[in-house]
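Fold and contact review
Listed below are the residues making up each chain.
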Number of protein chains: 2
Amino acid sequence: MPQQKTHNGSSSCAIETALIDYPFSRLVSDDLARVETLLRDHPAGQHEAVSRAMDRLLGGGGKRIRPTLILLSAHLCGANISQAVIAGAAAEMLHIATLVHDDLIDGSLMRRGVETLQVNWTPAATVLTGDYLFARSAHLVTETGCIGLVERFAETLVVICNGEIRQMFDGNSSQTTVERYRQRIQAKTARLIALSAQAGAILVGGHDEWETALHSYGEGVGTAFQIVDDVLDFVADEETLGKPVGSDLRQGLVTLPVLLFLESEHDQDTVRQVLEGDRSEETVKRAVQAVAESKAVDEALAVARHHAEEARAALNSFPDTRYRAALLDLADFAIGRRF
Amino acid sequence: MPQQKTHNGSSSCAIETALIDYPFSRLVSDDLARVETLLRDHPAGQHEAVSRAMDRLLGGGGKRIRPTLILLSAHLCGANISQAVIAGAAAEMLHIATLVHDDLIDGSLMRRGVETLQVNWTPAATVLTGDYLFARSAHLVTETGCIGLVERFAETLVVICNGEIRQMFDGNSSQTTVERYRQRIQAKTARLIALSAQAGAILVGGHDEWETALHSYGEGVGTAFQIVDDVLDFVADEETLGKPVGSDLRQGLVTLPVLLFLESEHDQDTVRQVLEGDRSEETVKRAVQAVAESKAVDEALAVARHHAEEARAALNSFPDTRYRAALLDLADFAIGRRF
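Note that this is a predicted model, so its numbers are computed, not measured. Along each chain, residue indices are assigned from 1 in the same order as the chain's sequence is written. Chain letters and ligand numbers both follow the written order, the letters beginning at A and the numbers at 1. Only residues with pLDDT of at least 70 are given local features in this predicted model, and only at 80 or more are side-chain atom pairs given and counted; all residues enter the totals for whole chains, interfaces and linings.

**What about the relation of the copies chain B and chain A?**
- Copies are brought into register by a least-squares superposition over C-alpha atoms of residues with pLDDT of at least 70 in both. Screw-axis analysis of chain B against chain A gives a translation of 0.0 Å along the axis, an RMSD of 0.0 Å, and a rotation angle of 180°. Such a combination of rotation and displacement between the chain copies is what one expects of a two-fold axis. Taking C-alpha positions as reference, the residue of chain B nearest the rotation axis is isoleucine 147 of chain B, located at 2.9 Å.
- The contact criterion used here is simple: two residues whose C-beta atoms, placed from the backbone, lie within 7 Å are in contact. In this assembly, 100% of the residues forming the interface of chain B have copies in chain A that are likewise at the interface, indicating an isologous arrangement.

Following this line, the structure appears as structure tokens:
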């Protein structure tokens, strides 16, 4: 069981999350346990190699942000919690499916401190396992019986895939702008988190103003989350991060800290060398260090805080319940975390 | 425009199908044109590289069996045709998505006389394009507004993925039995064709007996179709087939003609050599010829005919309309085709 991570960033353990215990998730811990049971269920016909892979993927932890948001949103809006549990499992499985294919495409070897699938598997097995998880996720969400939610899930998957494709075809690092970065993290992270935050309102139906407010909240949280992720890729230690530091830069992926670094007056030679194609370990290491020690880190975190503030503000119209308070906590966590 | 292929198998042109014109599809040709428009639509946000790929994938022809079945089934059951058009596009897109990933996994270079995506693209681009097509398919089917149909689609995708995974992990050719072959083609082909045949009844709702009958019909047609496909892989000419003859055996995939050949009294040395791993072009060529000239071909076709007969019989309970007649035609086509 992990020690609780606090907002101010003190953190003292590696990620071996077997149980989920954060301030914002305690209110829904029983529901989250039901989500976990659904995720770990091995339905008839599922090949045992996939079951083992699934156990490993789930055992690697993960903060279950998406199911947590769906459950808090469902409680906030008075939605059916059994439907929300199913939707939570569907969202997490969709997220895991995208990670499986992403890791394959990036050639990543580690995620959340656990070897990625393709370390031991062929690309074919990894592709098919990702496909299978997409299929299971699609099937799970239909079990909510809510066609509106199913449609939003499918729309979101289209956006995620479009984003990945755009990143791949147009990913020339020298052409990345803040606007393109924003679009990329919207597709990659913020959209599914926004859908998760909306889920309660969608399940209840007929409350457009709730949907709009929760969408803004989710977009803010998701954006803040991804920016902090991108900062941590420079400043975290590898044990806490669960993967090598500097992964993005090593792949030529330009994130907000780099964009802000390139606008600064710091010596940019090493970073530019990497962006121009020198991916030698020594150069990457020096470039990562240059960014990590620059003011770009604080500037990027300030942008993340701004989005988290917008997220918090979007909840102003909801009554002051403990579920709203937990959602506010989650927005704080998005920017305070160190893992 | 292709010449029409007739049931007795005479065929005189390569596959450059721009328009779909078979006896069984004429009744729904206007609806099929609407399906085609939906398939060729490039929604906002779709990367132009994907649009080009999609045009090529669709331009390669294909018989649009799944949309045709959905439309005939919808007319037979009195379902809403606009919903059926959307479902038809969703089914075809799902089918194309599975082909994109299959071709990547098999390393196939040609399909339907057109180069497969990965000939010019990286595996990453091919994986993501397949994912995107899965997502579009999922989104399309939700636009029918019929949660029952959406659920069956998702279930079917789970079965297809499970089948692929099973084939990959347990695909040891020496262990293939007729039972395993049957399971494999059920997952790979018959299940989605059966769902397509049922779609009209599912859209109308409340007619379990129609669903059951149309499911039997679709399973029979799908099974017959796949067996004939597997026979054609031995006996067709490459131009008509649109891909190299003997592809299955070259990949160590044991299909019904091979299983029946191995039960026969023909000289089995060359075929066994291939199954034991000798995939040299010369050995494969001789093995393909040995199977093609054996009685296993006629025996396999007899099994296909049996399934087509079962399919026809399943329609006995429906009134004798032209839509039923077209479905009967389609069952005949499944076994009579040479492409």
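**Re the interface of chain B and chain A**
- Counting residues at the interface gives 36 residues for chain B, matched by 36 residues for chain A.
- Secondary structure elements with two or more residues in the side of chain B that touches chain A: α2 (48-59), α4 (81-106), α5 (123-142) and α6 (147-169) of chain B.
- Helix and strand assignments come from DSSP, with helices taken as H or I runs of at least 4 residues and strands as E runs of at least 2, each series counted from the N terminus. In terms of residue count, α6 of chain B provides more of the side of chain B that touches chain A than any other element does, 14 residues in total.

**Some words on the nonpolar core**
- Core analysis: the largest hydrophobic core is formed by 220 residues, its most contacted members being Val221 of chain A together with Val221 of chain B.
- With residues near it in sequence (within four places) discarded, valine 221 of chain A still touches Ile193, Ala197, Ala308, Ala311, Leu330, Ala331 and Ala334 of chain A. For this analysis, nonpolar core means a set of buried Ala, Val, Leu, Ile, Met, Phe, Trp, Tyr and Cys residues linked through C-beta atoms within 7 Å. Exposed residues have 12 or fewer other C-beta atoms within 10 Å of their own C-beta, buried residues have 20 or more, and partly exposed residues fall in between, where C-beta atoms are placed from the backbone.

**Observations concerning the confidence of the model for chain A**
All names here are of chain A.
- Every residue carries a pLDDT, the predictor's confidence in it, which falls somewhere between 0 and 100. On average, residues of chain A score 89 in pLDDT, and 92% of them reach the 70 mark or higher.
- Note that residues 1-19 has pLDDT below 50 and, in this model, 36 contacts with residues that lie over four places away or in other chains.
- Quick note on the complex model: pTM equals 0.89, ipTM equals 0.87.

**Structural notes on unusual backbone geometry**
All names here are of chain A.
- Its identity is not glycine, yet arginine 64 carries a phi of approximately 55°, on the positive side.
- The residue arginine 64 is located in the loop between α2 (48-59) and α3 (65-77) in this model.
- Overall, arginine 64 belongs to the buried group, with 25 C-beta atoms counted inside 10 Å.

**Quick notes on the environment of glycine 277 of chain B**
- Take glycine 277 of chain B: it is sitting in the loop between α12 (269-275) and α13 (281-292).
- Using a count of 8 C-beta atoms within 10 Å as the deciding quantity, one classes glycine 277 of chain B as exposed.

**Remarks on the packing of α4 of chain B against α6 of chain B**
All names here are of chain B.
- In this description, a line fitted to the C-alpha atoms serves as the axis of each element, helices being fitted only across the stretch in contact, and the angle between N-to-C directions of two axes falls anywhere from 0 to 180 degrees. Closest axis-to-axis distance for the α4/α6 pair is 12 Å, and the angle between their directions is 15°. Considering their axes alone, α4 and α6 lie roughly parallel with respect to each other. Regarding α4 and α6, the two cross each other, and that crossing is right-handed. When α4 is examined against α6, the residues Ala87, Ala90, Leu94 and Thr98 are found in contact with a partner set consisting of Leu149, Phe153, Leu157 and Ile160.
- Grouping the amino acids of the contact of α4 with α6 by side-chain chemistry returns seven nonpolar, one polar and no charged. Orientation categories follow fixed angle ranges, with anything under 35 degrees roughly parallel, anything over 145 roughly antiparallel, 65 to 115 roughly perpendicular, and all other angles oblique. Here a crossing is called left-handed whenever its near helix is offset anticlockwise from the far helix by less than a right angle, and right-handed whenever the offset is clockwise. Basically, the charged four are Asp, Glu, Lys and Arg, the nonpolar ten are Ala, Val, Leu, Ile, Met, Phe, Trp, Tyr, Cys and Pro, and anything else, Gly included, counts as polar.

**Quick word on α2 of chain B**
- Over its twelve residues, α2 of chain B runs 16 Å from end to end, which matches the ideal 16 Å to within 8%, given 1.5 Å per residue.
- For α2 of chain B, the set of buried residues is Val50, Ala53, Met54 and Leu57 of chain B. Seen from one end, α2 of chain B has its buried residues packed into an arc of 100°, which puts them on one side. Facing away from the buried side of α2 of chain B by more than 90 degrees, the exposed set consists of Glu48 and Arg52 of chain B.
- Considering only its buried residues, α2 of chain B is in contact with α6 (147-169) of chain A together with α4 and α5 of chain B.
- Glycine 61 of chain B sits one or two residues past α2 of chain B and shows a positive phi near 90°. Expected span of a helix: the number of residues minus one, times 1.5 Å. The arc in question is the one spanned by the directions pointing from the helix axis to the C-beta atoms.

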